[in-house]
Each structure stands twice: as structure tokens, then as C-alpha cells.
Amino acid sequence: ETGVTQSPTHLIKTRGQQVTLRCSSQSGHNTVSWYQQALGQGPQFIFQYYREEENGRGNFPPRFSGLQFPNYSSELNVNALELDDSALYLCASSLLDGQGTYEQYFGPGTRLTVT
Amino acid sequence: DQQVKQNSPSLSVQEGRISILNCDYTNSMFDYFLWYKKYPAEGPTFLISISSIKDKNEDGRFTVFLNKSAKHLSLHIVPSQPGDSAVYFCAARATNTGNQFYFGTGTSLTVIP
């Protein structure tokens, strides 16, 4: 059973640029959630994808968008990068059933620095 | 608006003693709670969870207690081991808001050998 993987590990971008982060879900999971963790803070929910559709969104602007693919891997895209977007971006996969989403299994994260 | 709060940024405990990590929440609709452990340069690792229909859940050295009237949960680690040194996050979910999990800001636990 493979765990959640994310790429790249680190990334440096300039303000105004666009970035794409990638995530591969744990085997058997059908749901991917993305979180932003700023320094000294807990993870903040960006959005969740289930069966290739957005299935919930946190308080993030539309320039944060995502995709989920048929193999349940996912991308997080951020347009018009701002300095405050500098953070650790975490991907978490889980199994969503009729009772809701339970334990989420996190990847190691992508550290994004915007200069 | 921080709906899940961990008011102690850090905690130091002697090896073998009990570690108690606390978490408070404001949303009475939260129905599922989890604790995660995070080592540097790694993603959070699921530790233990509890449903709102229970007040206690135990898994080995780890026990989570839920006090719904006080909107408070705690994680007890007995006995504490040096390998338990990490940042601990509590998280909560409300079914009526979909599948969004709300995380606290974390408590850094140091277990002193």
C-alpha cells in the first residue's frame, strides 16, 4: 500500500506567477483535500475533491483552483501569487462513504516560497 | 474565526509521566474529532479519533476524552516516551458543513528523557 506523495518538495516563485502542486492519493482512497499551513498555524482547509468534482471549499479566493483525475491524483493551482501565499501546502487523501469523511492521510507537503 | 483552539503552544513532560494536551472548540455542530501528530518535514499523521456519541476512546498509550458540554477534548499519553516529542494538532468536522476539517494551531510536546 503506497502512501500519499506530493511534488515538488520545495518551490520558489515570484509574486504574480502561477504554480501547480501535485498529489498522489493513497491506494483505495477516493477523496483528496488540500490544506495551507502558514508558519505557526494549523492547516487551513482550501478545498476537497471527490470523484473529480469539488466537494467543499474553505475561505480561499477563486485564484486557488484544483483538479482531481480518474486515478484520484490531484493538482492545486494558484494564480497571481501573493507574498502571503508562502506556506506549506498539504494534500490529504481519505475514503468518503455515506457517513462522511473520516481519517485523512497526509502527504509530506510542498513548501512554497513567494518572493 | 478560529473554531478549534489549542491554547498551549508547548508542553514539556518527563519520560514515563502523563502528557495531557487540550483542545477547545466553539461549533456545537462538530461531530467528529481527531488528533494528529506531526514531525518536522513530514505531514501530519493520524493518531486517534472520537465520535461525538462517545466520551472516551482508547488506543494503547493514547486516550482521547470528549466533554461536549464544555466543548473540550483532551489527549492523554501514558506513559510518555521521547519518541512522542512532536507537534500535536486537534481537528474537528461538522457533518452539516460537508467534509471540511478544522484544525487547531498545534501544541509542541517535548518528552524529556
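Anything mentioned here points back to the structure above.
To keep things clear, this report deals only with the structure shown in the data block. (Residues numbered from 1 in each chain as written. Chains lettered and ligands numbered in written order. Predicted model: local features only at pLDDT ≥ 70, side-chain atom pairs only at ≥ 80, totals over all residues. Heavy atoms only, no water.)

**Here's the deal with the overall build of chain B**
For clarity, the cut-off: Where helices and strands are cited, they refer to DSSP runs of H or I of at least four residues and of E of at least two residues respectively, numbered from the N terminus. Relative accessible area decides the class of each residue, using a 1.4 Å probe on protein chains only: under 20% of the type maximum gives buried, over 50% gives exposed, and in between gives partly exposed. We call two residues contacting when some pair of their heavy atoms lies within 4.5 Å. Accessible surface is estimated by sampling points in the Shrake-Rupley manner with a 1.4 Å probe; for residues, cover comes only from the protein chains shown.
Helix and strand counts for chain B come out as zero helices and eleven strands. Counting only C-alpha atoms, chain B reaches 45 × 30 × 20 Å along its principal axes. Taken over 113 residues, chain B has a buried fraction of 47%. For chain B, the share of sequence-separated contacts (at least 6 apart) that also reach a separation of at least 24 residues comes to 55%. Carbon and sulfur atoms form 50% of the exposed surface of chain B, whose accessible area is close to 5,200 Å².

**Section: the state of the cysteines**
Inclusion rule: The rule for a disulfide is simple: a pair of cysteine sulfur atoms within 2.5 Å.
Inspection of the entire model under this criterion finds two disulfides over all chains. At a sulfur-sulfur separation of 1.7 Å, the disulfide partner of cysteine 23 of chain A is cysteine 91 of chain A. Between cysteine 23 of chain A and cysteine 91 of chain A, the S-S torsion sits near -55°, and that sign places the bridge as left-handed. With cysteine 23 of chain A in strand β3 (residues 19-24) and cysteine 91 of chain A in strand β9 (residues 87-94), the pair connects residues that are 68 residues apart, well separated along the chain. Since its relative accessible area comes to 2%, cysteine 23 of chain A is described here as buried. Residue classification places cysteine 91 of chain A among the buried residues on the basis of a relative accessible area of 0%. Between the sulfur atoms of cysteine 23 of chain B and its disulfide mate cysteine 90 of chain B the distance is 1.9 Å.

**Side note on the interface of chain B and chain A**
Frequently, the measure chosen for interface size is the accessible area removed from exposure when the parts meet. Selection criterion: Buried area: the accessible surface (1.4 Å probe) lost by two parts on joining, summed over both. We count a salt bridge whenever a side-chain nitrogen from Lys or Arg sits within 4 Å of a carboxyl oxygen from Asp or Glu. The term polar contact refers here to a pair of N or O atoms within 3.5 Å; inside protein, the definition further demands a hydrogen-donor-capable atom paired with an acceptor-capable atom, and it admits residues adjacent in sequence only when both atoms are side-chain atoms. Think of it as three bins: nonpolar holds Ala, Val, Leu, Ile, Met, Phe, Trp, Tyr, Cys and Pro, charged holds Asp, Glu, Lys and Arg, and polar takes everything else, Gly as well.
Tallying the contact residues gives 19 residues for chain B and 24 residues for chain A. Taken as a group, Asn99, Phe101 and Phe103 of chain B account for 32% of the area that chain B buries against chain A, more than any other trio of residues on that side. Linking chain B with chain A are zero salt bridges, by the criterion used here. Viewed at the interface, chain A and chain B are joined by one residue pair in polar contact (both at pLDDT 80 or more). Among the secondary structure elements, those contributing two or more residues to the side of chain B that touches chain A are β4 (30-38), β5 (45-51), β9 (86-94) and β10 (101-103) of chain B. In terms of residues, the side of chain B that touches chain A owes the most to one element, β4 of chain B, which gives four residues. Here the residues of the side of chain B that touches chain A are counted per class, giving nine nonpolar, seven polar and three charged.

**Let's talk about the packing of aromatic side chains**
Describing an aromatic ring pair means giving the distance of the ring centres and the angle of the ring planes. Filter applied, for reference: The criterion for an aromatic pair is that two Phe, Tyr or Trp rings (for Trp, the six-membered ring) have centres within 6.5 Å, with stacked assigned to planes under 30 degrees apart, edge-to-face to planes over 60 apart and tilted to the rest.
Under the defined criterion, the tally for this structure stands at 13 aromatic pairs over all chains. Measuring from ring centre to ring centre gives 5.9 Å for phenylalanine 106 of chain A and phenylalanine 103 of chain B, while their planes differ by 80°; the resulting arrangement is edge-to-face. With phenylalanine 106 of chain A in strand β12 (residues 105-106) and phenylalanine 103 of chain B in strand β10, this residue pair bridges two chains. Here a set of aromatic residues connected by ring pairs shows up, and it is made of Tyr35, Phe45 and Phe106 of chain A together with Tyr36, Phe46 and Phe103 of chain B.

**Observations concerning the sheet that holds strand β1 (residues 5-7) of chain A**
All names here are of chain A. Selection criterion: Criterion used throughout: strands pair if DSSP finds at least two bridges between them. Lines are fitted to the C-alpha atoms to define the axes, a helix being fitted only along its stretch in contact, and any angle between axes, read from their N-to-C directions, falls within 0 to 180 degrees.
The four strands lie next to each other as β1-β3-β8-β7, forming an open sheet whose pairing is antiparallel. Every interior strand has two partners, whereas the edge strands, β1 and β7 (64-68), have only one. The mean angle between the axes of side-by-side strands here comes to 20°, regardless of whether they run parallel or antiparallel. Strand direction decides the pairing type here: β1 and β3, joined by three bridges, are antiparallel. Bridged to serine 7 within β3 is arginine 22.

**Comments concerning the side chain of glutamate 75 of chain A**
Summarising the element assignment, glutamate 75 of chain A is placed in strand β8 (residues 74-78). Filtering out sequence-adjacent residues up to four positions away, glutamate 75 of chain A remains in contact with Thr20, Leu21, Arg22, Trp34, Ser65, Gly66, Leu67 and Phe69 of chain A.

**Some points on the pattern of salt bridges**
Pairs may arise between side chains of opposite charge once their charged atoms sit close together. Inspection of the entire model under this criterion finds seven salt bridges over all chains. For the salt bridge of glutamate 54 of chain A with arginine 57 of chain A, the shortest nitrogen-to-oxygen distance reads 3.1 Å. Judged by its relative accessible area of 40%, glutamate 54 of chain A falls in the partly exposed class. When the shortest N-O distance is used, the salt bridge between aspartate 84 of chain B and arginine 61 of chain B registers 2.8 Å. Note that aspartate 84 of chain B is positioned in the loop between β8 (72-77) and β9 and arginine 61 of chain B in the loop between β6 (56-59) and β7 (62-67), a separation of 23 residues in sequence. Taken together, the shared-partner salt bridges connect Arg63, Glu82 and Asp85 of chain A into one network.

Such coordinate-based values are descriptive only and should not be taken to indicate function.
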